[in-house]
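As a plain string of letters, each chain reads:
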Amino acid sequence: MPDAILAVCPKCLALNRVLPGRLDSGPVCGKCRTLLLSPHPVVLTAANFDVFTAKSGLPVLVDFWAPWCAPCRSMAPAFEQAAAMLHPRVILAKCDTQEEQGIASRFGIQSIPTLLLFQGGREKARASGARSAADIVAWARQQL
């Protein structure tokens, strides 16, 4: 499948090939049958961060946040709405910097919330500060 896009299974981390025309049809993992592309953010940890950001054929927009951060908590519903609005062309994910300090350090996260957009396994863009759903979607589309 030369035109297939790689999609990472959020449950078993298996790589699945999906034709671009089938992204909207709710493709499931060939290994565990889990829905591959959810309209909700994926939780990223040390166990799955690199697989999602490096192997996904779709852009991955990561919200670096912490539970004690008031702006992060206030932006959470907007990020959830943005996930539904960008679905299935962009994968939205959340990384708790309190739990995943190594990842936050690796990417030089100094203020939260911070959005990092990954494409082709590399960081393409970043933005700090709380945003509305419309602002998140507009920023992501502008970067792509």
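In the block above lies the structure referred to throughout.
Throughout what follows, the structure given in this document is the object of discussion. Just so it is clear, the model here is predicted, and its values are computed rather than measured.

If you walk through the whole model with that rule in mind, you get one cavity of 30 Å³ or more. As for the largest cavity, its lining consists of L36, L37, S38, H40, V42, H87, P88, V90, I91 and L92. Considering only residue class, the lining of the largest cavity consists of seven nonpolar, three polar and no charged.

Across the six residues that make up strand β6 (residues 114–119), a large majority, five, are buried. Of the strand pairs in this sheet, strand β4 (residues 60–65) and β6 are connected by five bridges, and their pairing is antiparallel. In the sheet register, V60 faces β6, and the bridge partner there is F118. The antiparallel pairing of β6 with strand β7 (residues 122–128) creates a hairpin that spans two residues between the two strands, and G120 there sits at a positive phi of about 65°.

This part is about the packing of helix α2 (residues 70–86) against helix α4 (residues 133–143). One way to put it is that α2 packs onto α4 with a least axis distance of 8 Å and a crossing angle of 50°. The orientation of α2 relative to α4 falls into the category oblique. Regarding α2 and α4, the two cross each other, and that crossing is right-handed. Packed against α2, whose contacting residues are M75, A78, F79, Q81, A82, M85 and L86, the element α4 presents A133, I136, V137, A140 and R141 at the interface. A per-class count over the contact of α2 with α4 returns 10 nonpolar, one polar and one charged.

Before going further, it helps to examine the sheet that holds β4. Neighbouring strands of a sheet are bound in pairs by backbone hydrogen bonds; such pairs are parallel or else antiparallel. If you trace the five strands from one edge of the open sheet to the other, you get β3-β5-β4-β6-β7, paired in mixed fashion. If you trace the sheet from one side to the other, it starts and ends with β3 (42–43) and β7, each paired once. The pairing of β4 with strand β5 (residues 91–96) spans six bridges and is classified as parallel. Residue pairing across strands places V60 opposite I91, the latter belonging to β5.

To describe a pair of aromatic rings, you give the distance between the ring centres and the angle between the ring planes. If you walk through the whole model with that rule in mind, you get five aromatic pairs. An angle of 85° between the planes, with centres 5.8 Å apart, marks the rings of F49 and F118 as edge-to-face. Residue F49 is located in helix α1 (residues 49–55), and its partner F118 is located in strand β6; the two are separated by 69 residues in the primary sequence. Accessibility expressed as a relative area gives 1% for F49, which makes it buried. Since its relative accessible area comes to 2%, F118 is described here as buried. For the pair F64 and F107, a centre-to-centre distance of 6.4 Å together with 45° between the ring planes defines the contact as tilted. Of the two residues, F64 sits in strand β4 while F107 sits in the loop between α3 (101–106) and β6, which places them 43 residues apart along the sequence. A relative accessible area of 0% places F64 in the buried class. Classification of F107 by relative accessible area gives buried; the value is 17%. Through a chain of ring-to-ring contacts, the aromatic side chains of F49, F64, F107 and F118 assemble into a single cluster.

Conventions used here
- Residues numbered from 1 in each chain as written.
- Predicted model: local features only at pLDDT ≥ 70, side-chain atom pairs only at ≥ 80, totals over all residues.
- Heavy atoms only, no water.
- 1 Å grid on protein atoms, 1.4 Å probe; cavity = no way out; pocket = protein on both sides within 12 Å on 5 of 7 lines; lining within 4 Å.
- Points joined across faces, edges and corners; volume = space filled by probe spheres on them.
- Nonpolar A, V, L, I, M, F, W, Y, C, P; charged D, E, K, R; others polar.
- Buried < 20%, exposed > 50% of the residue type's maximum accessible area, 1.4 Å probe, protein only.
- Helix = DSSP H or I, 4+ residues; strand = E, 2+ residues; numbered from the N terminus.
- Pairing = 2+ DSSP bridges.
- Axes fitted to C-alpha atoms, helices over the stretch in contact; angles between N-to-C directions.
- Parallel < 35°, antiparallel > 145°, perpendicular 65-115°, else oblique.
- Left-handed = near helix turned anticlockwise from the far one by under 90°.
- Contact = heavy atoms within 4.5 Å.
- Phe/Tyr/Trp six-rings, centres within 6.5 Å; stacked < 30°, edge-to-face > 60°.

Interpretation note: all reported values are geometric properties and have no functional meaning in isolation.
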